[in-house]
Each structure stands twice: as C-alpha cells, then as structure tokens.
Amino acid sequence: MRRGASNYAEPVTDGDFATAGGPGDPADPPTVREAADRRRPRSVYGVGSDPDPRFSMANERTALAWVRTGLGLLAGGVALTSVASVTGLPSFLDVVSVLACLFGAFTAINALLSWQRAERALRLGEPLPAPTALRWLVALVILAAVVVAGYAVAQTPR
Amino acid sequence: MTGRPPPTEGAAQLYGAAGERTSLAWQRTALGVVLGSFVLFVVSARLGVIALGTVAVGVGLTLAVVSVMAFPTGGNPAAAQTRNSWAQLMILSAAVAALGLLGALAALITLLAP
C-alpha cells in the first residue's frame, strides 16, 4: 500500500481505485487529491492512507470517553468543594478537589494527544500506542479513594 | 491501491451504526460539558465568586452552540471521512480543560478563604 495517498472528499469513479496513484504518480497529475484533503493536523493526515472509517470512528469515541472521564474528575472535584464548604469539612478535601480538577483538565488535553497518536498509527498501519494516562488515572483514583476513606474512618465516632 | 473504495449502499448501512454511535458520543460529551458548566456556575455562586461561574456558563453556552452547528449528526457515514475531527475534538478538550481550571480555582478560593 502506498504512503501519503489520500482520496477523501473527491468524486471517485470505479476505475480510480484500480488505477489511480497518489501524489507524485505520473498517472495522477496535478493533484486534485492533495488539494482535496485539507484536514488538520498535517502530522496526522499528511501521512499514510485512510483506514477503515470504523477504526477512525472508534478512535474518536475512545478520545471522547477520555474527555468524559476528565469531565467526571472535574465534577467530582467541584462536588467535593461544594460539600466541604457547606458542611465545614477540613481544608485538605479542597486540596483533593484542586488535584481532581487539574487532573480532569490534563485528561481532556491528553485525550486530544492520544487521538492524534492513535489516528497516525492507524494511517500508517502501525500498532496502536499504549494509553499513557491510564496508569496515572488509576493511581489517582486509588489515592483519592484511600484519602477520602481514611478521612471517613478517622471521623467515625468511637 | 491508494485507498478504500467509496461506501456502497451496503457499506453505508454497515457504517451507519458506527456513525450513529460516534455522533451520540459527541452529543453526550457536549451535553456533559454544558451541564458541568452550569453545576460549576451554581457552586461558584454559592461560594460567592459569581465571575468565575459566569465564565463557566459562557464556556458551556459556547460549546452548546458549537455542538449544534458543527458536531457530527451521524446521518451520512461518508461525511465521517471528510470532517475535521481534530478541530472539534480540540474545542471539546479546551472546554473541559477550561472548566477544570475554573473548578480548581474555585477550590483554591475556598481553601484560601479566611
């Protein structure tokens, strides 16, 4: 399979798929093909060839799931702040809240970068990269659970 | 061979479910962000930092408009191939990151308040 070929957003006849080449192919002169694909970033769409649309859509859904995970962390942090301020709980819960919100923001940005890496790998036919943020997410959730559970145990009347 | 053939009618049906799922994922993520912005507004109002809440609601309303105008609808599977996922994903991620920073700021204000 040729690299650098792109045939999005252009009328294609049956014969094109059997014979047409990508950029630089003498049989495919002035490159309507290159002009047609203006998607960004070029670091993703400028390499490889289009994968099965279902793979791209699955990649999108994975990125969106990460964005929603970040949103969940943010919601948890905001809820913790709200509860702590209403009930007069100690201020270290606000620190947990700040960390949750910041990690939520980081998760959302990382979703974008993960999508980029995965889409590039799909286009190049390479193995998908490992989810780098997953271990941090698991570690943070466990840490937050231990801290909050420890606090709850410490506050239990004896 | 330079790429995949255009979806035939059968392929369009095959991709249709995936397109719908993807569209629903976009819409529920945007809905979550909009709702999150309103929650942040309520919490900020309770904490007495209404300006922070107003910014959060602004982010949410902007995203609501963008999601109606630009996010995928799932109607045309071939459109999934030509639209700019990067820009849409960047808008969504930026909105969540902005809300995350605003939430952290609200928590910091609570933490540092006398």
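*Asks:* So, the overall build of chain A: which residues are in play, and what are the values?
*Replies:* A tally of helices and strands in chain A yields six helices and zero strands. By the burial criterion, 44% of the 158 residues in chain A qualify as buried. Residue pairs in contact within chain A that sit at least 24 positions apart in sequence constitute 69% of those at least 6 positions apart. Of the roughly 8100 Å² of accessible surface on chain A, 67% is carried by carbon and sulfur atoms.

*Asks:* Go over the overall build of chain B with me, naming the residues and quoting the values.
*Replies:* Counting secondary structure elements, chain B contains four helices and zero strands. In sequence order, chain B lays out its α and β elements as α-α-α-α. Nonlocal contacts in chain B, meaning residues at least 24 apart in sequence, comprise 71% of its contacts between residues at least 6 apart. Summed over all atoms, the accessible surface of chain B reaches about 5500 Å², with 72% contributed by carbon and sulfur.

*Asks:* Describe in detail the packing of helix 4 (residues 53-87) of chain A against helix 4 (residues 85-112) of chain B, supporting the description with residues and values.
*Replies:* Running from N to C, helix 4 of chain A and helix 4 of chain B cross one another at 15°; their axes reach a closest spacing of 10 Å. With respect to each other, helix 4 of chain A and helix 4 of chain B are oriented roughly parallel. Where helix 4 of chain A crosses over helix 4 of chain B, the two elements pack in a sense that is left-handed. On helix 4 of chain B, the residues touching E60(A), A63(A), L64(A), V67(A), G70(A), L71(A), L74(A), V78(A), T81(A) and S85(A) of helix 4 of chain A are S85(B), L89(B), L92(B), S93(B), V96(B), L99(B), G100(B), G103(B), A106(B), A107(B) and T110(B).

*Asks:* With reference to specific residues and values, describe the packing of aromatic side chains.
*Replies:* Summed over the entire model, instances satisfying the criterion amount to five aromatic pairs over all chains. The interplanar angle of 65° and the centroid separation of 5.3 Å between the aromatic rings of F92(A) and Y151(A) together place this pair among those described as edge-to-face. Placement of the pair is F92(A) in helix 5 (residues 92-124) and Y151(A) in helix 6 (residues 132-155), with a sequence separation of 59 residues. Three or more aromatic residues link up through ring pairs in this structure, and these residues are Y45(A), W115(A) and W86(B).

*Asks:* An account of the pattern of salt bridges is requested, with residue identities and associated values reported.
*Replies:* Throughout the structure, instances matching the rule amount to three salt bridges over all chains. Ionic contacts of the salt-bridge type, sharing partners, join the residues R39(A), D50(A) and R123(A) into one network.

*Asks:* Run through the confidence of the model for chain B, naming residues and quoting values.
*Replies:* Low pLDDT means the predicted atomic positions in that stretch should not be read closely. Summarising the model, chain B shows a mean pLDDT of 85, and 80% of its residues fall at 70 or more. We note a pTM of 0.80 for the whole complex and an ipTM of 0.85 for its interfaces.

*Asks:* Give a detailed account of the packing of helix 2 (residues 50-70) of chain B against helix 4 of chain B, specifying residues and quantitative values.
*Replies:* All names here are of chain B. Direction vectors running N to C along helix 2 and helix 4 enclose 165°, while the axes themselves pass 10 Å from each other. In this view, helix 2 runs roughly antiparallel relative to helix 4, as classed from their interaxial angle. In this structure, helix 2 crosses over helix 4, and the sense of that crossing is left-handed. In this structure, helix 2 contributes L52, V55, A56, V59, L63, V66 and A70 to the contact, and helix 4 contributes Q88, I91, L92, A95, A98, L99, L102, L105, A106 and I109. Taken together, the residues that form the contact of helix 2 with helix 4 break down as 16 nonpolar, one polar and no charged.

*Asks:* Run through the confidence of the model for chain A, naming residues and quoting values.
*Replies:* On average, residues of chain A score 79 in pLDDT, and 77% of them are at 70 or above. Segment residues 1-33 of chain A is flagged for pLDDT under 50; beyond a separation of four residues in sequence, or across chains, it makes 62 contacts in the model.

*Asks:* Which residues make up the environment of L40(B), and what values go with them?
*Replies:* Mapped onto the fold, L40(B) is located in helix 1 (residues 9-47). With 44 residues separating them along the chain, L40(B) and N84(B) place their C-alpha atoms 29 Å apart.

*Asks:* Can you tell me about the nonpolar core, naming the residues and giving the values?
*Replies:* Counting residues in each nonpolar core, the largest one holds 41 residues, and the members touching the most others are V33(B), L63(B), L89(B), L92(B) and L99(B). Elements with a contribution of two residues or more to this core: helix 3 (42-45), helix 4, helix 5 and helix 6 of chain A together with helix 1, helix 2 and helix 4 of chain B. A total of ten residues in this core trace back to one element, the largest contributor, which is helix 4 of chain B. Sequence-distant contacts of L92(B), that is, excluding residues within four places in its chain, are made with L64(A), V67(A), W26(B), T29(B), A30(B), V33(B), L63(B) and F71(B).

*Asks:* Report on unusual backbone geometry, specifying residues and quantitative values.
*Replies:* Along the chain, R40(A) connects to P41(A) via a cis peptide bond; the corresponding omega equals 0°. Take P41(A): it is sitting in the loop between helix 2 (32-36) and helix 3.

*Asks:* Just give me the short version of the environment of T29(B), but keep the residues and values in it.
*Replies:* Tracing the backbone shows T29(B) in helix 1. In this structure, the C-alpha to C-alpha distance between T29(B) and A113(B), residues 84 residues apart in sequence, is 33 Å.

*Asks:* Please set out the side chain of S97(A) residue by residue, giving values where relevant.
*Replies:* Its location among the elements puts S97(A) in helix 5. Dropping the residues within four chain positions of it, S97(A) is found in contact with G77(A), V78(A), L80(A), T81(A) and A107(B).

Rules used in this analysis
- Residues numbered from 1 in each chain as written.
- Chains lettered and ligands numbered in written order.
- Predicted model: local features only at pLDDT ≥ 70, side-chain atom pairs only at ≥ 80, totals over all residues.
- Heavy atoms only, no water.
- Helix = DSSP H or I, 4+ residues; strand = E, 2+ residues; numbered from the N terminus.
- Buried < 20%, exposed > 50% of the residue type's maximum accessible area, 1.4 Å probe, protein only.
- Contact = heavy atoms within 4.5 Å.
- Areas by Shrake-Rupley, 256 points an atom, 1.4 Å probe, with all protein chains shown as cover.
- Axes fitted to C-alpha atoms, helices over the stretch in contact; angles between N-to-C directions.
- Parallel < 35°, antiparallel > 145°, perpendicular 65-115°, else oblique.
- Left-handed = near helix turned anticlockwise from the far one by under 90°.
- Phe/Tyr/Trp six-rings, centres within 6.5 Å; stacked < 30°, edge-to-face > 60°.
- Salt bridge = Lys/Arg side-chain N within 4 Å of Asp/Glu carboxyl O.
- pLDDT = per-residue confidence, 0-100.
- Nonpolar A, V, L, I, M, F, W, Y, C, P; charged D, E, K, R; others polar.
- Core = buried A, V, L, I, M, F, W, Y, C linked by side-chain atoms within 4.5 Å.

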